[in-house]
Amino acid sequence: MLEVQGVVKKFGGLVAVNNVNLTVRKGEILGLVGSNGAGKTTLLNIISGIYRPDSGSVYFNDKNITGMNLDKICKAGISKTFQHAQLFPGLTACEGVTVSALFGNHHRVRRDDAEREAREHLTFVGLPPEKHDTTLAHLNMIELRRVQLARALASRPQILLLDELTTGLNPSEGTEAIHLIKKMRDRGITIVMIEHVMRVIMGVSDRIVVLDQGEKIAEGTPAEIVSNQAVIDSYLGKNYAQ
Ligand SMILES: Nc1ncnc2c1ncn2[C@@H]1O[C@H](COP(=O)(O)OP(=O)(O)O)[C@@H](O)[C@H]1O
Ligand SMILES: [Mg+2]
């Protein structure tokens, strides 16, 4: 469904993503892990059209989307949530999602239909109806994450790219987030997710790709990844030692 071929991204002299190949299969949950600065966010930013790669290509449903802008890629069916979510704090949850339903996809939606759709998405992600008209400034972390997911759903993605969705959540909220991610996959959405918490990524991923200093060092099932020596040396060892 998604094919990343030999992608390179440099920031000045720093090679943030170095010749990475990646295949995402329809219907799977693919986990992307690696230490801080490994290039995970940069890679998703290239796929979603925030950055243009210095070289390499990205294909989506056999179409070359390399270098297309964010808006066009979103309308084509790839949606990304942000590691540091920034939305206008004065908007209500419903308004934030309605904007995405109106402008985030290639379907023509009327304003009142968009609002109804927004409320359906908010309910699906578990934001109680009495909070639909609360401003974002008055929502807590898990509620904001739900709104983020509802916004992404409103753009009707085929692939959803999630950047550290569970960061800032407590363990039981993290478990709820996993449940939600699986629920979205069950709706037919393919998911690529960056995640720091190993318990989360192991429990939810069909396959895992490990990046280290911009390079892909391993990929496989969760069981293969935990027993991969290169991964233990570069990532798991460090993490468990902390
Ligand atoms: N916009 C940018 N300008 C300059 N350097 C960047 C930029 N974005 C990321 N980097 C650098 O690229 C490397 C990879 O960053 P990033 O993709 O954010 O890693 P990760 O998400 O795995 O923690 C890091 O060294 C980071 O400092
Ligand atoms: Mg990151």
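Residue indices begin from 1 for each chain and proceed along its sequence in written order. The naming scheme follows written order: chains are lettered A onward, ligands numbered 1 onward. pLDDT decides what is reported in this predicted model: residues at 70 or higher carry local features, side-chain atom pairs at 80 or more are listed and counted, and totals for whole chains, interfaces and linings draw on all residues regardless. Computation of side-chain values: all heavy atoms of the structure, hydrogens and water removed.

1. Quick word on the domain arrangement of the protein
Residue ranges for the domains originate in an automatic or database domain assignment. For the protein, the assigned domains are domain 1 (1-77 + 165-236) and domain 2 (87-156). The straight-line distance from the C-alpha centre of domain 1 to that of domain 2 is 25 Å. Domain 1 puts 14 residues into the contact, and the matching count from domain 2 is 15 residues. When two parts are brought into contact, each loses some accessible area as probed by a 1.4 Å sphere; the total of that loss over both is the buried area. A buried area of about 1,400 Å², summed over both sides, lies between domain 1 and domain 2, and 66% of it is on carbon and sulfur atoms. Salt bridges, as used here, are contacts in which a Lys or Arg side-chain nitrogen is within 4 Å of a carboxyl oxygen on Asp or Glu. Connecting domain 1 to domain 2 are one salt bridge. Note that Arg 146 is salt-bridged to Glu 176, the shortest N-O span being 2.3 Å. Whenever a nitrogen or oxygen atom comes within 3.5 Å of another N or O atom, the pair is scored as a polar contact, on the condition that within protein one atom can donate a hydrogen and the other can accept it, and that pairs from neighbouring residues in sequence are kept only if both atoms are in side chains. Between the two partners, domain 1 and domain 2, sit four residue pairs in polar contact (both at pLDDT 80 or more). Secondary structure elements follow DSSP: runs of H or I of four or more residues count as helices, runs of E of two or more count as strands, with numbering from the N terminus. The element contributing the most residues to the side of domain 1 that touches domain 2 is helix H6 (residues 171-186), with five residues. Residue polarity follows a fixed list, in which Ala, Val, Leu, Ile, Met, Phe, Trp, Tyr, Cys and Pro are nonpolar, Asp, Glu, Lys and Arg are charged, and the others, Gly among them, are polar. Considering only residue class, the side of domain 1 that touches domain 2 consists of six nonpolar, two polar and six charged. Only heavy atoms enter the contact rule, under which two residues are in contact if any of them lie within 4.5 Å.

2. Regarding H6
Take the number of residues in a helix, subtract one, and multiply by 1.5 Å to get its expected span. Here H6 contains 16 residues, and its C-alpha end-to-end distance of 23 Å stays within 8% of the 22 Å for a straight helix at 1.5 Å per residue. Here H6 starts with a cap whose side-chain oxygen sits 3.1 Å from the backbone nitrogen of Ser 172, and that cap is Asn 170. A positive phi of about 100° marks Gly 188, the residue just after H6.

3. A few points about the environment of Asp 71
Tracing the backbone through its elements, the reader meets Asp 71 in helix H2 (residues 70-76). Expressed as a C-alpha distance, the spacing of Asp 71 and Phe 103, which sit 32 residues apart in the sequence, is 9.1 Å.

4. Details of the nonpolar core
Ranked by internal contacts, the top residues of the largest apolar core, which has 45 residues, are Ile 181, Ile 191 and Met 193. Ranked by the residues each element gives to this core, the list is headed by helix H5 (residues 141-154), at seven residues. In terms of domain composition, this core takes at least three residues from each of domain 1 (1-77 + 165-236) and domain 2 (87-156). The nonpolar core is taken to be a set of buried Ala, Val, Leu, Ile, Met, Phe, Trp, Tyr and Cys residues, with the residues joined through side-chain atoms within 4.5 Å. Residue exposure (1.4 Å probe, protein chains only): buried if accessible area is under 20% of the type maximum, exposed if over 50%, otherwise partly exposed.

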